[in-house]
Every structure is written in structure tokens, then in C-alpha cells.
Amino acid sequence: MPLPKIPIGVGFPIYKGVEYINDAIDAAEKAKVDSESAKNTAEQSLNVANQANETADYVQTQVDQVIGASTIDPAVEQLKIGTDGTVYDSPDHRVRTENQNVTALLAQNTQSVISNPINTRFIGRNSIDLVSVAIDSVDTATNVNMPVSPYGNTEYVHPQIINFPRKWNGYNYWMAITPYKDNSEAYENPCIYVSNDGKNWLNPPGVTNPLQPYPAQGRHYSDPCWILDKNGYTLHLIYRENGTGISDRYWLQSSDDGRTWSEKEIIYQSSNAIVSPDVVYLNGRYFMYFIDITDGYKLKRVQSDDLKTWTNLTTCEVQGTSKTLWHFEMYQSAEGLIMIADDLQFNNIMLFKSSDGFGFSLSSENLLTRAVAGRGLYKPAVIFEETATDLNLVLYYNLMGDASVGGVDWELKRVVKSLKKNRLTSKSFSSKLQYLNSGSTAVEGDVPTTNVVGNYITDEMLTHYTFRIDIGDVSALPTTRLLVVTLPETTKPIQGYFTFPIEHYGSSTSVMNLYGVVDGATNRLFIRNQKYPNSTDMNMYTHKLQGITSIRGSVTYFNNK
């Protein structure tokens, strides 16, 4: 029996049965190992808010009493002085300013919980069996249809692909790759392509490839990789430059819209030859991995809080194989990291797992071999996709140049390998949109609605809710009441959580980007109104519902076994 579908908008389902469970899973910013930290941060945020409310109410009462007095005494002057010694124009000015500061602090804490609303390289389940996984035939492999490069060829190397659970600036798939015409490094300049099926690629609108031209005689670019910022909407491109007269160095360019990219800047360099950078965001910090050729082709990593200052150079442990790693990329899972790599002899594409991001153990040495593929194997790329019946590993791989095969050189192929997955349960539910009392604690009443649709899908580890609430006549509601969405009771204690942005339909000049933060103790989804990234106005109030016809969103819980 097919699972129910829930509409997210015109012509698009918010949840198309279990087919899109990985959309939610891929989007989870925090892996299971970090979920307890997120929960603690949320509790701290709530404590800050409660303390702020108590302090603000007390100070405001004093201000009202003093201002309302027939004479002004020294108490007024005292109330102009803030807790940090700042002297304000009036007691009321002090209250308003300090309330804004507290709101900003709460927004910061909240943002640490809901940061990165789209995590693009995350598998939120812990039962993926990668041991001895092998592709024993490439009969079903297909050519990846690439645009003609700026140099008139369709030969490319070193792909890395991000698949967004929701389209990022119009496309589900974004690829960073370099042309490799005539085996010449001069053409190995970073290019960007987009797709909505992962098979057929095109130039993104507004982008002129290559993003950077050939740097200089005797030098060249190579090895691009992506990382989505922890803010959830800025995409960063990192690539290598090396050659005559310079240390190996990594460049960074960033974009919020996929069209306009920042000027390149150097973020890391080494006197050693270092290749194949890849960056993940793990446990609240960025980690960049690379292969150090000079130091015996060892896998190394550095860490950063801002992608620009890197410290703590560490040599990782790789166990289970005698092969030399060459190019690789990292994927996050509920168990830690998955590394996919080729070997320096171009014979094998291998899989490794790590629970701590430091020690990597071999899971499969023969995910794909030269004997099966028919030619040498170059840098692999991988994405994981969920279907109604399976979890699929989608492998992109380069076949090394062979002009004798129909004159084709450096082909890019795509093959799908089915993996084991957990069984899922799907149910519908009816939720409520409610508003809290002036103290922002107890529920005061229900928001009038015309239609409510909800669905949740759960397995042993995750529960994923989606909902649609159509708004009725809200003209009689009290103003400035905080809004919450109630969710059904969970069968297991909530260990952690992640929310997608909440979409709203209709017109409202005071509402832009909506996000949800879950209170695990009450199963309530607090709606936040984030006008812009550094906004201090995070609250969504009842009076801001005027003009909104519908809100729709989703939330994923990590179940505590």
C-alpha cells in the first residue's frame, strides 16, 4: 500500500512517502553523537530567556513606578545605569537596549541549535552495512552527460557533488569539477555545473566557467571541493593551486546565490605537496582533510571555526589496507565519517569508516575495481539516496584516459549500488497552531485554522514529522503572543532534534524567513521569525499572522533507544 503524500505547495509534495525520508536525514546538521550537545544548548537558551523575562519585568516595573511618580528622585538616575556600567538617556532606554541584548543572546544560542538547516552530506542512520560492499558489474553504469567545457571538450576529472534535500538556488545537485583536455593541467581550472536528476548537467545561470582561469605559466589549479556553511545557505568552494615558485595552497570562494562568487582568498598553504582537500562540519567545527604527498601520502587534517584560520595539524590513522590513498572525499553518517578513496595505482575504489574522524578502518577494498570497470579508476564521488525500497549508494567515477576507446578520453560514469536499510513506519496526525500567554510559558489558546495535515515516518533511530496548517481568521487574536506548533507524543524519549525552515504562504510585510526550535520536554515547535542572518527580532507573534494563509514545515527527532 503506498504511503500518504502531503502537499508542500503547488505541484510539489512535502513528503512523498518514504521516498523522501533521506531528504530529512540528509538535512540533519547534527549527527547522533552531537545531539545531546544541541539539547543542552536549547535548555540553556530557555534558561536565558526565562531569566531575561524575569529581569525585564522587574526593571520595567521599577521604571513605570518611577516615571509615574509626581517627582523625580535619584532612583531615576540609578535606573539609567546598566549592569555593565553604561549610562543611558533614560530608564526606558536602558530597558529597551538590555532587552535587545538579551534577545540577541537568545538568538545566538538558538542559532547554534538550528544552524545549517540543510546538511548536504549526512546519513542519519546507524545500520548501513558497508563491509565488503562491491560493485561486481558496470553493465548498468551510465555516462554522466556533461556540458562542453570552456575549452571545447567534455573530458573532466575530480568531481565532487552536493545533493541538496531541497533545491539550493534552483537545483538539487551542484558539481565542482575541472576540465582535463588533452591531459593538460593548463585546463584544470574549477568549473561549476548543476542538475536536477544527477545525470544531465548544465551551466548554472549567471555563472561563467571556469570560475578562475589558468593562474600562470608553470602553475595550475586542481582538486575542487564543496562545503555548505554552518549558516545553511552559503556555499563555499575550495580548490588547490601548486606549481613553480609557490607553496601548495588552497583557495576559497563563496556564494549565497550560486551566481555571484566572492573574490578568491588563500585559506591554507604548506611547503609540502598536499592534494585532494575535503571539508566536513562535525561537532560544531570545520575539519579539512588532505593527502600529504611529501610525508608518504598520509591522510592529514586541520580544523577551523571560520574556514579561514586552520590549526591543529594531525596525521590520521588509516587501517586495513596496504594500498596508498590518492584522491578521496568524506561523507557523514550517524556513526561518524565515511571516506571513499581511490588508490595511487588506480586499481581500486575503497570505503572506510571512522567513529571519531581520526582513525579510519577499511570497510570495503573493492567497491569498484579496475578489473570490473575495464580501465584505471580516478577520483570517485558519492551521494546516498533513499527510495521507497532501498538506500542507494550512487557512485560517480572517472575512467582514466584511453584515446583508443572511440577517441574518448577521461570518461565520467555513474552507477548505483543498493544498500541495506531499516524498515519504516508511516502514520498521519492532526496538529495544532497555538499561542502562549504573555509570560511565554503556558498555552493560552488555539489559532483558528481551516485545514491541518500531518504525517510522520519513523524507524529505529529517527522520527520525521511534516505538517501543513492553513490559517483562518486571526483578527480577534491577542497581539504579541508567541506561536508554537504542537506535535504528537513520541513513543521514545527525544534525544536530539533538527528542524527545517518553515515555509509560509500569503503576504505579510513583517515575516520573512521562518524557523522552528523544538522544546523536547513539551513537544512544541517554537516558530521564529528571522528577518536576516544577524537579526535580533527572532520571535514570531500572533499579530504577524495577518495576511498569511498557510505554514508548512518539518522536524526530525533522534529517538533515544
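Residues numbered from 1 in each chain as written. Predicted model: local features only at pLDDT ≥ 70, side-chain atom pairs only at ≥ 80, totals over all residues. Heavy atoms only, no water.

A. Examining the overall build of the chain more closely. Per the secondary structure count, the chain includes five helices and 34 strands. Relative to its full complement of 561 residues, the chain shows a buried share of 56%. Partitioning the contacts of the chain with sequence separation of at least 6, the portion at a separation of at least 24 is 60%. A total accessible area of about 23,100 Å² is found for the chain, and carbon and sulfur atoms account for 48% of it. (Helix = DSSP H or I, 4+ residues; strand = E, 2+ residues; numbered from the N terminus. Buried < 20%, exposed > 50% of the residue type's maximum accessible area, 1.4 Å probe, protein only. Contact = heavy atoms within 4.5 Å. Areas by Shrake-Rupley, 256 points an atom, 1.4 Å probe, with all protein chains shown as cover.)

B. Broad picture of the sheet that holds strand β5 (residues 156–168). Spatially, the three strands line up as an open sheet ordered β5-β6-β7, and their pairing is antiparallel. In the strand order of this sheet, the two ends are held by β5 and β7 (191–195), each with one partner. When the angles between neighbouring strand axes are averaged without regard to direction, this sheet yields 20 degrees. Here seven bridges tie β5 to strand β6 (residues 171–179), and the two strands are oriented antiparallel to one another. Pairing of Tyr 156 across the sheet is with Pro 179, part of β6. (Pairing = 2+ DSSP bridges. Axes fitted to C-alpha atoms, helices over the stretch in contact; angles between N-to-C directions.)

C. Structural view of the packing of aromatic side chains. Counted according to the given criterion, the structure contains 18 aromatic pairs. Arranged with centres 4.8 Å apart and planes meeting at 80 degrees, the rings of Trp 168 and Trp 174 form a pair that is edge-to-face. Judged by relative accessible area, Trp 174 falls into the buried class, the value being 1%. With centroids separated by 5.7 Å and ring planes inclined at 40 degrees, the aromatic side chains of Tyr 268 and Phe 290 adopt a geometry described as tilted. Here Tyr 268 is found in strand β11 (residues 265–270), whereas its partner Phe 290 is found in strand β13 (residues 285–292), with 22 residues between them in sequence. The exposure classification of Tyr 268 matches that of Phe 290, with both residues buried. A connected cluster of aromatic rings, assembled from ring pairs, spans Phe 164, Trp 168, Tyr 171 and Trp 174. (Phe/Tyr/Trp six-rings, centres within 6.5 Å; stacked < 30°, edge-to-face > 60°.)

D. Here's a closer look at the pairing of strand β20 (residues 359–369). Here three bridges tie strand β16 (residues 317–319) to β20, and the two strands are oriented parallel to one another. Of the residues in β20, the one forming a bridge with Val 318 is Phe 360. With five bridges joining them, strand β19 (residues 348–354) and β20 adopt antiparallel strand pairing. Each residue of the ladder has a partner; that of Leu 351, found in β20, is Ser 364. Hairpin connection from β19 to β20: four residues lie between these consecutive antiparallel strands, with Gly 357 at a positive phi of about 75 degrees.

E. Up close: the sheet that holds strand β3 (residues 122–123). The six strands are arranged β3-β17-β18-β19-β20-β16 in an open sheet whose pairing can be described as mixed. Strand pairing shows two members of the sheet lacking a second neighbour, β3 and β16, which therefore form its edges. Where strand β18 (residues 336–343) and β19 come together, six bridges link them in antiparallel fashion. When the bridges of β19 are listed, Ile 340 appears paired with Leu 351.

F. Spatial organisation of the confidence of the model for the chain. Confidence in the prediction for the chain averages 78 pLDDT; 70% of positions are at 70 or higher. Note on residues 1–73: pLDDT is under 50 here. Beyond four places in sequence and across chains, it has 146 contacts. Low confidence marks residues 102–118, where pLDDT is under 50. Its contacts with residues over four positions away, or in another chain, come to 51 contacts. (pLDDT = per-residue confidence, 0-100.)

G. Region of the structure containing the nonpolar core. In this structure, Met 146, Trp 201, Leu 367, Phe 384, Leu 395 and Tyr 397 are the most contacted members of the largest nonpolar core, which totals 39 residues. Among the elements that make up this core, the one with the highest residue count is strand β22 (residues 391–399) (seven residues). For Leu 367, the residues in contact, after removing those within four places along its chain, are Val 133, Ala 134, Ile 135, Ile 340, Ile 349, Leu 351, Leu 393 and Leu 395. Counting residues in hydrophobic clusters, the runner-up holds 26 residues, among them Phe 467, Leu 487, Ile 527 and Tyr 557. (Core = buried A, V, L, I, M, F, W, Y, C linked by side-chain atoms within 4.5 Å.)

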